[in-house]
Amino acid sequence: MSDSGEDYDDGNEEEVMEPLTFSMQKAAVVHRRESEMNGDILVEELVRSPSDKSGVIVRRMRFLSNLELEQTEVRLIKVLRSDAPKKKLPGSARDRAATRTRPPKPVLKADSTYLPYECLQGMLISIPLLPDWERKEVPDHDDRAFSVREKLEVLIIGLAGGMLPRFLRFNFPNTSVDCVELDPVVVDVAREYFGFEPDEKLHVHVADGVEFIEKAPEDSYDIVIIDANAVEEDKTLEAPPPGFITHACLANCAKVLRPGGIMTMNVLCSSPTYFQSILDKIKDAFFGRICFLKDQAEDADENYVVFALNHDAQTWPPSREELSRRLTVLEKQTPPLVALELQARVDWDGSGRSEGVEG
């Protein structure tokens, strides 16, 4: 980037840095992409101080239609290219030999051990909430043993920068993930600027999430995560879009889940009454078995992560103490998840009823 004067290649040229006035931290726009659905999509990069020698680049995605809301954040680290094609170098043999001894030009790669925001971290609690979770000792080293099931099949509605699916694939290699994103421009920006790379077990579908769930075969997934933002001007419900909280869509979510599967929904709602009505609809579709976490970040507003079980299990959800024990095991497999256990201890409601709502 031109502002730092550092010599690395992120695959993009002639990017213009623009100051941001809506960011909480000093940042600049490094890319702007037109989108018919979300207005312009902005890629902002935090400006590092001259004394910062870490080499870590932090990027965020914002939509021009809602500048106050960060869509995602990624930490990019510089790595040496191992797949760069060899080129025939001009000059004498001595010149060519000297050129080959120069270190290769570094490129930026997304840090797959990093997952931003408490709400995204909270969504991972879906894994230890599965009823067939088997608690067992895990060695204190990075073997990434999978202690819940041999493999998981996960559906994620809403891509942003692809941080959640990337984290799942890195920390749980036997997990298969389908991502659904309505806006093809978001997919392009995620791949070009946020290090999102689909593979044989990580697929992205450009489609309407409600329609995708409706058409998906029964018993297809162990976990369905709905993490999509509404584009309507009504700020009472900023996530998810209203189409995901209809009785029909929630019934379809239950249909595509295997028995004992978990639906996880990111809900950003400023009205306690409205939020309670969402909880009641989810309870109707999922045997009354729901629970939720509230994001405790200072700037989180009324952000909740709601979990629903596709089974009438009398012992679900687990107690706060049991969930804490399960998270301790999970944290040994995924070191970045330390915040999860703390979050569960701070605010865990297994009653399916939000505070301050009568009834």
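Residues numbered from 1 in each chain as written. Predicted model: local features only at pLDDT ≥ 70, side-chain atom pairs only at ≥ 80, totals over all residues. Heavy atoms only, no water.

1. Focus on the packing of aromatic side chains
Point 1. Inspection of the entire model under this criterion finds 3 aromatic pairs.
Point 2. On the basis of an interplanar angle of 15 degrees and a centroid distance of 3.9 Å, the ring pair of Phe275 and Tyr304 is categorised as stacked. Of this pair, Phe275 sits in helix α8 (residues 272-285) while Tyr304 sits in strand β14 (residues 303-309); the two residues are 29 residues apart in sequence, bridging distant segments of the chain. For the pair shown, Phe275 and Tyr304 are each scored as buried.
Point 3. Between Phe292 and Tyr304 the ring centres are 5.7 Å apart and the planes differ by 80 degrees, which places this aromatic pair in the edge-to-face class. Of this pair, Phe292 sits in strand β13 (residues 290-294) while Tyr304 sits in strand β14, placing them 12 residues apart in sequence. (Phe/Tyr/Trp six-rings, centres within 6.5 Å; stacked < 30°, edge-to-face > 60°. Helix = DSSP H or I, 4+ residues; strand = E, 2+ residues; numbered from the N terminus. Buried < 20%, exposed > 50% of the residue type's maximum accessible area, 1.4 Å probe, protein only.)

2. Here we look at helix α7 (residues 247-256)
Point 1. The set of residues buried in α7 consists of Cys249, Leu250, Asn252, Cys253, Ala254 and Val256.
Point 2. The elements touched by buried residues of α7 are α6 (209-215), β10 (221-226), β12 (257-269) and α8. (Contact = heavy atoms within 4.5 Å.)

3. Some thoughts on the confidence of the model for the protein
Point 1. On average, residues of the protein carry a pLDDT of 76, and 67% of them reach 70 or more.
Point 2. The low-confidence segment residues 341-347 (pLDDT under 50) makes 23 contacts with residues lying over four places distant or belonging to another chain.
Point 3. Every residue in residues 354-359 is under pLDDT 50, and counting partners more than four places away or in other chains gives 9 contacts. (pLDDT = per-residue confidence, 0-100.)

4. Here's the deal with the packing of α7 against α8
Point 1. Relative to each other, α7 and α8 sit at 45 degrees, their axes nearing to 9 Å. With respect to α8, the axis of α7 lies oblique. The handedness of the crossing between α7 and α8 is right-handed. Touching His247, Leu250, Ala251 and Ala254 of α7 are Lys281, Ile282, Asp284 and Ala285, all from α8.
Point 2. Counted by class, the contact of α7 with α8 contains 5 nonpolar, 1 polar and 2 charged residues. (Axes fitted to C-alpha atoms, helices over the stretch in contact; angles between N-to-C directions. Parallel < 35°, antiparallel > 145°, perpendicular 65-115°, else oblique. Left-handed = near helix turned anticlockwise from the far one by under 90°. Nonpolar A, V, L, I, M, F, W, Y, C, P; charged D, E, K, R; others polar.)

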